[in-house]
Amino acid sequence: MAKMMDPKFKQSRRLGLNVCGHPKAMKRATRGTARSDKKLTEYGKQLLEKQRLRAYYGVLEKQFVNLFKEAQRTQGQTGPNLVTFLETRLDSLCYRMGFASSIRQARQMVSHCHLTVNGKKVNIPSYRCQAGDVIALSAKGRKVDLFKENYNTNIVVNYPYISKDEDFKATLVSLPNREDIPIEIEDQLIVEFYSKNM
């Protein structure tokens, strides 16, 4: 299974966005370390936004392009559709619900069958969840203290599209609206990038 394995702190500094969610990721960031600190062309700005969104969710280019094409075909605006598709991946929701401390850890949890969706084991990080899906720690996952501690101590902002239960379960109440997804990305620039380069 292909995945992005770049050094996350270095990548965060270069992109000018904390793409790994670690509190110390941007500690060594100084003026001039990010690509956005330099004068960029219009194409450069669009490319940077695309790279930021890809890095944040840990998605490879081929997967990203396929999601973009699907977002174009889906009713509604392409940019918000794309971000919603990325946000409703199982690994992303696992992170948002507090089971994992980073998307990378969430991806590993899913791959190792530590989560269930509606009572069934799913080991595909890119699995697209639907409104009403219940995500829970599997019997195997409940034996790992780290995951239980993450869930209980994770002080997360209350996302309106997620409902957490005490029994290591959380529900995707509805598909997230773009304004509810806490990521600083100008999706319109990504749409412009692909409209010229596809």
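Because the structure is predicted, anything quoted here is derived from the model rather than measured. Counting restarts for each chain: residues are numbered from 1 in the order of the written sequence. Local features in this predicted model are restricted to residues whose pLDDT is 70 or higher, and side-chain atom pairs enter the listing and the counts only when it is 80 or higher, whereas totals over whole chains, interfaces and linings include all residues. The basis for the side-chain values is all heavy atoms of the structure; hydrogens and waters are excluded.

Student: Please set out the overall build of the chain residue by residue, giving values where relevant.
Tutor: The helix count covers DSSP runs of H or I at least four residues long, the strand count covers runs of E at least two residues long, and both are numbered beginning at the N terminus. For the chain, the helix and strand inventory stands at 8 helices and 5 strands. Traced from its N-terminal end to its C-terminal end, the chain shows the element sequence α-α-α-α-α-α-β-β-β-α-β-β-α. All accessibility values rest on the Shrake-Rupley procedure with a 1.4 Å probe; residue burial counts only the protein chains present in the view. With an accessible surface of roughly 10800 Å², the chain has 50% of that area assigned to carbon and sulfur atoms.

Student: Quick rundown of the nonpolar core? Include the residues and the values.
Tutor: As used here, the term nonpolar core means buried Ala, Val, Leu, Ile, Met, Phe, Trp, Tyr and Cys residues forming a set that is joined through side-chain atoms within 4.5 Å. Each residue is placed in one exposure class: buried if its accessible area under a 1.4 Å probe, protein chains only, is under 20% of its type's maximum, exposed if it is over 50%, and partly exposed if it falls in between. Judged by nonpolar contacts, the single largest core of 45 residues is most densely connected at L53, Y57, L82, F99 and I135. Domain delimitation follows an automatic or database domain assignment. Counting only domains with at least three residues in this core, you end up with domain 1 (8-85 + 185-196) and domain 2 (98-178).

Student: Help me get a handle on the side chain of N81, residues and values and all.
Tutor: Note that N81 resides in helix α4 (residues 78-87). Between N or O atoms, a polar contact is any pair within 3.5 Å; within protein, one atom must be a potential hydrogen donor and the other a potential acceptor, and residues adjacent in sequence are included only when both atoms are from side chains. Reaching out from N81, the side chain makes a polar contact with the backbone oxygen of T74 at a distance of 3.4 Å. Contact between two residues is taken to exist if any of their heavy atoms lie within 4.5 Å; hydrogens are not considered. Leave out the neighbours within four places in its chain, and N81 touches A71, T74, Q75 and G76.

Student: Give a detailed account of the pattern of salt bridges, specifying residues and quantitative values.
Tutor: What counts as a salt bridge is simple: a side-chain nitrogen of Lys or Arg found within 4 Å of a carboxyl oxygen of Asp or Glu. Under the criterion given, the structure shown has 10 salt bridges. Across the salt bridge formed by E87 and R96, the nearest N and O atoms sit 2.5 Å from each other.

Student: I'd like a description of the sheet that holds strand β3 (residues 134-137), backed by residues and values.
Tutor: For two strands to count as paired, DSSP must find a minimum of two bridges between them. Pairing is antiparallel in the open sheet, where 5 strands are placed in the order β2-β1-β3-β5-β4. Where the open sheet ends on each side, the last strands, each with one partner, are β2 (120-121) and β4 (162-165). Sheet topology note: the β4/strand β5 (residues 169-172) ladder contains 4 bridges and is antiparallel. Paired with I162 across the strands is L172, a residue of β5.

Student: Lay out the pairing of β3 in plain terms, naming residues and giving numbers.
Tutor: Relative to β3, strand β1 (residues 115-117) runs antiparallel, the two sharing 3 bridges. The partner of L115 across the bridge, within β3, is L137. With 3 bridges joining them, β3 and β5 adopt antiparallel strand pairing. Following the sheet pairing, I135 is matched in β5 by A170.

Student: Break down the confidence of the model for the chain for me, with residues and values.
Tutor: One confidence number per residue, pLDDT, is output by the predictor and ranges from 0 to 100. Scored by pLDDT, the chain comes out at a mean of 84, with 79% of its residues at no less than 70. Per-residue pLDDT, averaged within each element of the chain, yields its smallest value for helix α1 (residues 8-15) (64) and its largest for β1 (95).

Student: I'd like to hear about the state of the cysteines, residue by residue, with values.
Tutor: The definition used for a disulfide is geometric: two cysteine sulfur atoms within 2.5 Å. According to the stated counting rule, one finds 0 disulfides in the structure shown. Among the cysteines around C129, which has no disulfide bond, C94 carries the closest sulfur, lying 9.9 Å off.

Student: Describe the environment of N150, naming the residues involved and giving the relevant values.
Tutor: Along the chain, N150 turns up in helix α7 (residues 145-153). In this structure N150 comes out as buried when scored by relative accessible area, which is 11%. One polar contact links N150 to Q105, side chain to side chain, over a distance of 3.2 Å.

Student: Can you lay out the side chain of E87 for me, pointing to particular residues and giving the numbers?
Tutor: If you trace the backbone, E87 turns up in helix α4. Residues in contact with E87, not counting those within four places in the same chain, are Y57, S92, L93, R96, Y161, P176 and I181.

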